[in-house]
Structure formats: structure tokens, C-alpha cells
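# Structural features, examined
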Amino acid sequence: MNMKEFTGLTHQQVQEKISQGLTNDFTVNTSISTWQIIKRNVFTLFNALNFAIAVALVIVQAWSNLVFFVVICFNAFSGIVTELRAKHMVDKLNLLNKEKISVIRNGQTTSINPEELVLGDMIRLNAGEQIPSDATVLDGFAEVNEAMLTGESDLVQKEIGDQLLSGSFLVSGHVIAEITHVGADNYASKLMLEAKTVKPINSRIMKSMDKIAGFTGKIIIPFGIALFLEALLVKHLPVKDSVVNTSTALLGMLPKGIALLTITSLLTAVIKLGLRKVLVQEMYSVETLARVDMLCLDKTGTITQGKMHVETVSPLTEDLSEQAISEILSAYIAASDDNNPTAQAIRKQFTSPSNYQTSNTIPFSSDRKWGAMEMSDLGTVFLGAPEMLFNKEIEIAQAAQQRGSRVLALAISPERIDHKHIHLPNNVQPIAILEITDPIRDGAADTLEYLRSQEVGLKIISGDNPITVSNIAAKAGFSNYQSYVDCSKVTDQELIDLIETTAIFGRVSPHQKKLIIQTLKKAGHTTAMTGDGVNDILALREADCSIAMAEGDPATRQVANLVLLNSDFNDVPEILFEGRRVVNNIARIAPIFLIKTTYSFILTIICISSILLGRAEWLLVFPFIPIQITLIDQFVEGLPPFVLTFERNIKPVEQDFLKKAIFKALPSGLMVVFSVLFVNIFGGLHGWSQVEISTLLYYLLGSIGFLSVVRACLPLNLWRILLILWSLVGFFGTAILLQKYIEIATLTSNSFPIYIILMILFTITFIVVTHIQNKREQSL
């Protein structure tokens, strides 16, 4: 396309605009602020309840029982650090996407940052580039994807005099435009970086914990009042003891440990992936990855290397010599603004000078699959997919497609193309076939096989010919390479009907890519999408988790949850399995944390109900104090679960996380409840002191918790055995050394035999129940 000459603003004019504040240096604060992150992690119902309990303990000067609040503070601090880390990742991604803008000033084209633009600047925009500010087209023709602004997938044609909206992308073509709005005046100032904001938390684990916290939040106040009044007015305990015992019951209902461990695990996953050159935009997308059971791949740059090369040019007519065809291709690609990998391969091959004059350029479009321009003495020359240009099949093209090559047809027609009403003429004559090869990425076959072995469904979505894609897939070891469909020949409804049973989709339009993802999600799949081109934007935005290549277009990097900085598809399995490690390990150790929630809730109800017995001496007061629970937590809920979350665990993620965790925690919780009732009744009948009862209950509580720790450590190995031994030594050692602080004594000749007998019975019961639970899970 022959562009007009423009001089743009002078240096003096630019300085005047800057002095007037008419620059594009305006950042829309679409991401969450640091204060909002702090507020979201500190000012929560969960923290408020813990804080209220801490205040009550401070009032009665129960200082030793305030250790739990250190955990709460650390939990909030970890959440803040984690979200700031995620925000920092987003900022890094923004810097990664900070593409220079070609601006014309003083008759010269230079590259500047988008924020350095001023009102009235003239800019050059090519296919794949984002429009940095509202502008009016001065010259050229382009097709623009405004889906980021309007949600509509249809391409919008832009010619001289048309408006360009900031935040949209050029899909094809090349224009020179004048900036008409800058900064806050831009139409898209509120949407301008929409795809790069910190997204709302989407974590099933955290949502499960929120359900527990929400339920507890509704009952904790009336339960707390009832427990306190009973202890103070009926049992006639001192105010301090009443507050301490009540606070223990309430604290036990709040699952603070697992929330902390989840955030910590996700943070370590983000850091580990960062070390593997994977940029994580949204921390909780790591968890989403763990649940992915359908991975949709773009062929170019994913299975293949994206390094295209023109292998052969086969003439289809005797009217033009090979030299003439070469000159036509040289003239076409020289005048074309297309800059996709295919165009780059052709541009690299055909550089000879040509006498053909070109005009009326129609850029290549992912929807049409062809581009065109007028050439002197020839008519309109077309370059695109042969099946889109011709009604008949061409043997040379089919043979090349069978080899897995990309095929383009060069054709001519005497008819002109109307920019405003683009349609293919009836009399398009083929003159040559271009065979373009793209080497398969090293390790792609092993990666595909490994993903398949891990129960991850695979689908290839490509704009290329389905036969070509099928043959490349076969070379890459794709098992269902014969299951393909040409999406250019089916309606949306027909495509929807084929999606579940078809593995390869060729000639897919951007709209169809999005439709495929939507249909898979409606079918219950958790989808991930890899892509590197502008035509992948809609599908990437629709997928549950989107993965972009750093070498791809800036637009794809913007919308992706993760960016592969090495642009290596072979990193994908490790990304998926890092998510599985987090979720599976959290699910494995969750029952340990929910034991306390279970027995605290049941014991609280029993304590409140015991007033119905009618006698003060029969009133059951919550048997533990905060310092005891906090100390036990260090060895039951502390180090063992933390260490176990780092272990590799790549099995498919199970559903119903919360339900299964509560189901596994319930037997242990009931054992604690039974211990409290039995020991209080038995000890009362045999004249035991309160210290003797408290001591036995403390040892039973910690020991019951260790049964779940041992279960989480199965199958045992040297490191897991050492972890269990360290925790046991820590628990029993502190129970002896810190007796004074946790208000217990040593097991006596009365209590020790009871401890041994009960733990033998509990261990046998635990083993039997665990076996039954495992058998039930296996049968489901």
C-alpha cells in the first residue's frame, strides 16, 4: 500500500502540548491498590472475630493465651504479601507489554512510549498492535477487533476518517492516524488495561473455607454469650477463667490454619513457576490449572516452532513464468502490511525487485483466510487458503497438506474488490501454490503423550487447513489426529454438536475458537487455552485459564493468566502439575485442620446443653484453653502439613474438597468429644483433680491429632517418618517442659493407663474407619 507522506507535529508543537498537559501520560488505576489489598486481608469477619476474642483475653489479662493472635497476624501478613506479589507480577506483565509506538514528528518516524504521545500526534499502526489512544484514520485501511471494549467479536473495518478506539487491536492492515483524545479523555480510559488487572479471587479452597467461616460467624456470638454466662453465672467460675474457656471454643471453630497454608502454598507455586520463567498474572489461576481437564492448543508456535519457511512454489498456469510469479509475490509482500509468521516467511523468501504497481489493498484476515490487492496489468491478486479461494480441489495443495505443510494459493481475478463490501469474486483463477513448512517443536510428542497419560483431554484449534493440522498432529504423536473438522464449512450449531467428539478443528475463526471454549465449559470441563496470535484473544479470555507465549502478540500476553517467557510449550505439563501439587496436598492435609472445627462445634453444643441437667456440678465447661490449642497446633497443624504441601502430587484433582475433608475429620473429632465426656465422668467418679483431668485430655487431644498426621504421611518414607518423629518429640517434650504455662501436669498412675487404653482403642477405630472411607472413595 502506498501511504501518503505526513510530517506530523514539530518539536515546538510537541513541547507546547506537553506544557498544556495534553499528553497521554495517564494511568487508569484498574488494578487493586496496596491499601485495598491490606484492607481485604485485615478487615475481614474472620479477623474481626479473632480480634474480639483477643481483646476479651487482654481485658482479663490472660496474656499467655494470646499466642494464637500471632498466627492470625501472620495469616493476614502472608495474605498481603501474596497479593502484593501477584500485583507485582501484573506490573511486570504490564512492562512486558509496554510496546513502543511509531510516531511521525518533523517528517521522521520514531518510536516512543504510549504515555509520551500528545494530542495531534500522527502514529503508524500495524496488524497485531494495540491502539494506544483514540485517533482518526488519515490514511490506510485496517480491520480492528474491538471485543476488548464492546464484547463483539466481529471485525470492524476502518478507513480514512473512521475513529479508532484505544484498547482495541488491529487484526489486519496498516494505518496512519491522528490522536484525537489523550489520557483521561480517551473513550476506553476505564477499560484500557482491563485484561491486565488483578482478577477477583476464584479459589474453590478459599470458597470452601469461607463457607465454614460464614457459618461460624453466624453462631459464634450467641454461642459465645451462652458459654460465658454459663461459666460465670451457673458454674461460678472467675471472670478470667470464663473468658479463657469460652474463647477456646470459639477459636476452635475458625479454620485459620488451612487458610494460611493455602495462601502460602499458592505463593510458593507462583515463585517456583517464576523460577521456571513462567509469569503468573493471577495467583489463584494456579489452583484453576490443577482442575484443568481439557487443554486447547493452537498449532503454530505451540506444537510447531513457529519458524515458517517457504519450501516450494508450484506454478498452476503456463501463462506466467516462474520468474513472473516470483515478481508478483515480491510485489505483493512488499506492499502488504501483514506481519504474521506466514507473511514473514514469504517476505524473507521473495525480495527481488518488481515493476508491478499495487493499490486497493485488502489485508489478510483470520476470518476470511485471504488477502488481496490490485496490481497493474494483472487485476486483483489474491493470496490465501486454496479451499477458501476456489470451489475445486487442487492436487498439489492436497499433497502438501498431507505432508503437514501450510498451503497458500496465489490467484488473480479481473474484478476489483470494494473495501466497504468485501466479498470474493466468482472468477478467481489459481496461478501458483506455496508450500510452507513449520518444524515440529522438540519434545512436543513427549509432552502430548504425558498430558494424555495424566487424564488431560487435548484439542487442537487452528486457523490452518484441518488436513495440514491433522498431519502435523500425527507427526507430533497426537493420538486422535484423524478426528478433525473444517470449521469454515459448518454452522455454529453444527460445530457445537461436534465439539465433544472432535479432536482437531481447522479453519477456525476467532469467533469459533471462543465458541469451542464456551461449549466445553458448559459441558462441565475446566478449560485451559494456549495461544500466541491476535485471533486467539477471544478464546483466551473465555478459557478458565489462559496461557500465552511471550513471543506472541502483545494482545495475547495481555489477556493471559500465565505467560511462558521462554515461549516453550513443553513447560505446560509442569505448570499444570504445579497447580495439582497445591490442590491435592491441601486436600490431603485439610482433615487435620477440620478436626478442631468439628470437635469445637460439637463440644460447644454439649456444653450449652448441659445446663439442662439442672445441677451446677454437672455443667460441662469447655475443657481446653487457647495456649493449649496453640501449642498442639504447632506440632499437628504446623510443620507436618506445611512440609507435606511441598511434595510432588500430580494425580487428577478430586471433586467435593470440603465434603470429603469434613467426612475424614469427623471420626477424629468424635474421638475428642468422647474423650472429653468419658474422662470428665470417669475422673469425677474416681475423685480426680481438675488438673489431672486436663492433663489427660491434653495428651489425648494431641495424640488423636497425630493419627490424622500419620494418615496424611502415608505411604511412609524416611523423610515422612522423621517428620512424624520430630512432631511427636516436640509435642511430648513441650508438654513436659511447659507444664506451668499450659496449665497441665504429668500423667499419673491413674491417668496413664487410661491414656494407653483409649489410644489403643482410638488407633484401631481410626484404622478401620480410614479403611472403610478409602474403600468407599475407590468405589465412587
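Residues numbered from 1 in each chain as written. Predicted model: local features only at pLDDT ≥ 70, side-chain atom pairs only at ≥ 80, totals over all residues. Heavy atoms only, no water.

Ranked by internal contacts, the top residues of the largest apolar core, which has 125 residues, are Leu-562, Tyr-599 and Phe-624. Top element by residues in this core is helix α21 (residues 572–609). It accounts for 16 residues. Residues within four places of Tyr-599 in sequence aside, it is in contact with Phe-622, Phe-624, Ile-629, Gly-669, Val-672, Val-673 and Leu-701. Core analysis: the next-biggest nonpolar cluster, separate from the first, contains 26 residues, Ala-343, Leu-410, Ala-432 and Ile-436 among them. (Core = buried A, V, L, I, M, F, W, Y, C linked by side-chain atoms within 4.5 Å. Buried < 20%, exposed > 50% of the residue type's maximum accessible area, 1.4 Å probe, protein only. Helix = DSSP H or I, 4+ residues; strand = E, 2+ residues; numbered from the N terminus. Contact = heavy atoms within 4.5 Å.)

On to the sheet that holds strand β16 (residues 457–461), then. The pairing of strands in a sheet comes from backbone hydrogen bonds and takes either a parallel or an antiparallel form. Reading across from one edge, β8-β21-β20-β19-β9-β16-β18-β17 is the order of the eight strands in this open sheet, with mixed pairing throughout. Sheet topology places β8 (278–280) and β17 (484–486) at the edges, where each strand pairs with a single neighbour. Taken over all neighbouring pairs, the strand axes of this sheet differ in orientation by 20° on average, direction set aside. Bridging between strand β19 (residues 527–531) and strand β20 (residues 545–549) involves four bridges; their strand directions are parallel. Note on β20: the bridge partner recorded for Thr-530 is Ile-547. In this fold helix α16 (residues 466–475) packs onto β16, β17 and β18 (504–506), with an angle of close to 160° to the strand it touches most, β17. (Pairing = 2+ DSSP bridges. Axes fitted to C-alpha atoms, helices over the stretch in contact; angles between N-to-C directions.)

The subject of this paragraph is the packing of aromatic side chains. Overall, the coordinates contain 19 aromatic pairs when judged by the stated rule. Between Phe-642 and Phe-646, the ring centres sit 5.1 Å apart and the planes meet at 75°, which makes this aromatic pair edge-to-face. Between Tyr-698 and Phe-731, the ring centres sit 5.6 Å apart and the planes meet at 20°, which makes this aromatic pair stacked. Residue Tyr-698 is found in helix α24 (residues 690–713), and its partner Phe-731 is found in helix α25 (residues 718–737); the two are separated by 33 residues along the sequence. Counting every residue linked through ring pairs, the aromatic cluster contains Tyr-698, Tyr-699, Phe-706, Phe-731, Phe-732, Phe-752 and Tyr-755. For Arg-368, the ring lying beneath its charged end belongs to Trp-370, and the centroid distance is 5.2 Å. Positioned above the aromatic ring of Phe-663, the side-chain terminus of Arg-776 is 5.2 Å from the ring centre. (Phe/Tyr/Trp six-rings, centres within 6.5 Å; stacked < 30°, edge-to-face > 60°. Lys NZ or Arg CZ within 6 Å of the ring centre and 35° of its normal.)

All right, on to the sheet that holds strand β11 (residues 358–362) then. The six strands lie next to each other as β10-β15-β14-β13-β12-β11, forming an open sheet whose pairing is antiparallel. Both outer strands of the open sheet, β10 (309–315) and β11, are each paired with one neighbouring strand and no more. Across the sheet, the mean angle from the axis of one strand to that of its neighbour is 20°, orientation sign disregarded. The pairing of β11 with strand β12 (residues 370–375) spans three bridges and is antiparallel. Counted as the bridge partner of Thr-358 is Met-375 from β12. Of the strands in this sheet, β10, β13 (379–384), β14 (406–413) and β15 (429–437) are in contact with helix α12 (residues 341–349), which crosses β10 at around 70°.

Here we come to the pairing of strand β2 (residues 108–112). Two elements, strand β1 (residues 101–105) and β2, share five bridges in a ladder whose sense is antiparallel. Paired with Ile-104 across the bridge in β2 is Thr-109. Where β1 folds back onto β2 in an antiparallel hairpin, the turn is made up of two residues, including Asn-106, whose phi is positive at roughly 55°.

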